[in-house]
Amino acid sequence: MNECINILSTRAISAEIISAALSNHIHIECRDFIKIIPVLSDENKENILQIAKQPEVVVFTSMNAVDIIQAQVPEKVSWKIYCVGDTTAEKITSWQGAESIIAMADNAGLLAEKIIEDQRSEVWFFCGDRRRDELPEKLKNAGINLHEIVVYETINKSEEIEVENYAGILFFSPSAVESYFENNISQPGQVFFAIGKTTAATLETFTSERIITGQFTGKDSLALEAVNYFTEVKENNNE
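Residues numbered from 1 in each chain as written. Predicted model: local features only at pLDDT ≥ 70, side-chain atom pairs only at ≥ 80, totals over all residues. Heavy atoms only, no water.

Student: Tell me about the pattern of salt bridges, and please be specific about residues and values.
Tutor: Tallied over the full model, the rule gives nine salt bridges. Glu159 is the partner of Arg31 in a salt bridge, and the nearest nitrogen-oxygen pair spans 3.2 Å. Here Glu159 lies in the loop between strand 8 (145–156) and strand 9 (168–171) and Arg31 lies in the loop between strand 2 (26–30) and strand 3 (34–38), a separation of 128 residues in the sequence. The partner of Glu148 in a salt bridge is Arg131, and the shortest N-O contact between them spans 2.9 Å. Of this pair, Glu148 sits in strand 8 while Arg131 sits in the loop between strand 7 (122–128) and helix 6 (134–141), and the two are 17 residues apart along the sequence. On the basis of relative accessibility, which here comes to 30%, the residue Glu148 falls in the partly exposed class. (Salt bridge = Lys/Arg side-chain N within 4 Å of Asp/Glu carboxyl O. Helix = DSSP H or I, 4+ residues; strand = E, 2+ residues; numbered from the N terminus. Buried < 20%, exposed > 50% of the residue type's maximum accessible area, 1.4 Å probe, protein only.)

As structure tokens, then:
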């Protein structure tokens, strides 16, 4: 009888991947370690509505910001959009169409370089309160007029878990890594999966165990990589 391998995902993933994993005796448990809270003031709501009327250059580095702005501006606009990550791009595509995305990158630093290469003079950046400094600093140093609007707060939802029960743990943001390790430590032999280089770098400050950075930036893609990894582990153990 095949022994089940347990994986912890620190964000919800699709039921299809969970089901497919279970059919191969890999159980994925999903627990949120952060909470996203919209924080739009009336002034910022009015600003966003005014921005929506103009052909502005807009930056998204998180899908949470896309969700919040879409709720304020559900209609089609004339923005040129730069974004980070496949999941963020997918949300923008379903909202504004793929043609609205001028460029995307795997992390904010690389995205900033694309914006600089395109010689943009002014951009609007919708972000969370714990956004990283790379993009704003690079754009400002390049002389680009950056308008930053914080549209959500990230709250830690740390909890102590039976960490030794999980062979692998999936992380989708540096904030989730920090929240998780407030009350937990890594165990020998555990494998950690990071959605991008920034999340992987944060993990390196908390554990010396193996860290695998996802080849793609979608959350389901990372889960699938973890499933494929442990499927191979099971097959090698059965040889």
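Student: For the confidence of the model for the chain, give the residues involved together with the corresponding values.
Tutor: Scored by pLDDT, the chain has a mean of 93; 98% of the residues are at 70 or more. When mean pLDDT is taken per element in the chain, strand 4 (residues 57–60) scores highest with 98 and helix 9 (residues 219–238) scores lowest with 87. (pLDDT = per-residue confidence, 0-100.)

Student: Quick rundown of the packing of aromatic side chains? Include the residues and the values.
Tutor: Taken as a whole and judged by the stated rule, the model has 14 aromatic pairs. Taken together, a centroid distance of 6.3 Å and an interplanar angle of 25° make the contact between Phe171 and Phe192 stacked. Taken together, the residues Phe171 in strand 9 and Phe192 in strand 10 (residues 191–194) connect sequence positions 21 residues apart. Classification of Phe171 by relative accessible area gives buried; the value is 0%. Centre to centre, the rings of Phe181 and Phe206 are 4.9 Å apart; their planes meet at 10°, and the pair counts as stacked. Taken as a pair, Phe181 in the loop between helix 7 (174–180) and strand 10 and Phe206 in the loop between helix 8 (197–204) and strand 11 (210–213) lie far apart in primary sequence, 25 residues in all. Looking at Phe206, the relative accessible area reads 36%, which means it is partly exposed. Taken together through their ring pairs, the aromatic side chains of Phe33, Phe171, Tyr180, Phe181, Phe192 and Phe206 make up a single cluster. (Phe/Tyr/Trp six-rings, centres within 6.5 Å; stacked < 30°, edge-to-face > 60°.)

Student: Give a description of the pairing of strand 7 that names residues and reports values.
Tutor: With respect to burial, strand 7 is a largely interior element, six of its seven residues being buried. When strand 4 meets strand 7, the two strands line up parallel, connected through three bridges. Directly across from Val59, in strand 7, lies its bridge partner Phe125. When strand 7 meets strand 8, the two strands line up parallel, connected through seven bridges. Across the sheet, Phe125 pairs through a bridge with Glu148, a residue of strand 8. (Pairing = 2+ DSSP bridges.)

Student: Got a sec to walk through the sheet that holds strand 8? Specific residues and values, please.
Tutor: Taken in spatial order, the six strands make up an open sheet running 3-8-7-4-5-6, and their pairing is mixed. Of all strands in the sheet, those with a lone pairing partner are strand 3 and strand 6 (101–105), marking the two edges. With direction set aside, neighbouring strand axes in the sheet form an average angle of 25°. Strands strand 4, strand 5 (80–84), strand 6 and strand 7 of the sheet are contacted by helix 5 (residues 108–117), whose axis makes an angle of about 140° with strand 6. Lying over the sheet, helix 6 contacts strand 4, strand 7 and strand 8, oriented at roughly 170° with respect to strand 8. (Axes fitted to C-alpha atoms, helices over the stretch in contact; angles between N-to-C directions. Contact = heavy atoms within 4.5 Å.)

Student: Lay out the nonpolar core in plain terms, naming residues and giving numbers.
Tutor: Judged by nonpolar contacts, the single largest core of 24 residues is most densely connected at Phe60, Ile69, Trp79, Ile92, Trp95, Phe126 and Val151. Among the secondary structure elements, those contributing two or more residues to this core are helix 2 (42–51), strand 4, helix 3 (63–72), strand 5, helix 4 (86–96), strand 7 and strand 8. The element that contributes the greatest number of residues to this core is helix 3, accounting for four residues. In this structure, Trp95 is in contact with Phe60, Val66, Ile69, Gln70, Val73, Pro74, Glu75 and Trp79, ignoring residues within four places of it in sequence. Core analysis: the next-biggest nonpolar cluster, separate from the first, contains 18 residues, Ile26, Leu170, Val227 and Phe230 among them. (Core = buried A, V, L, I, M, F, W, Y, C linked by side-chain atoms within 4.5 Å.)

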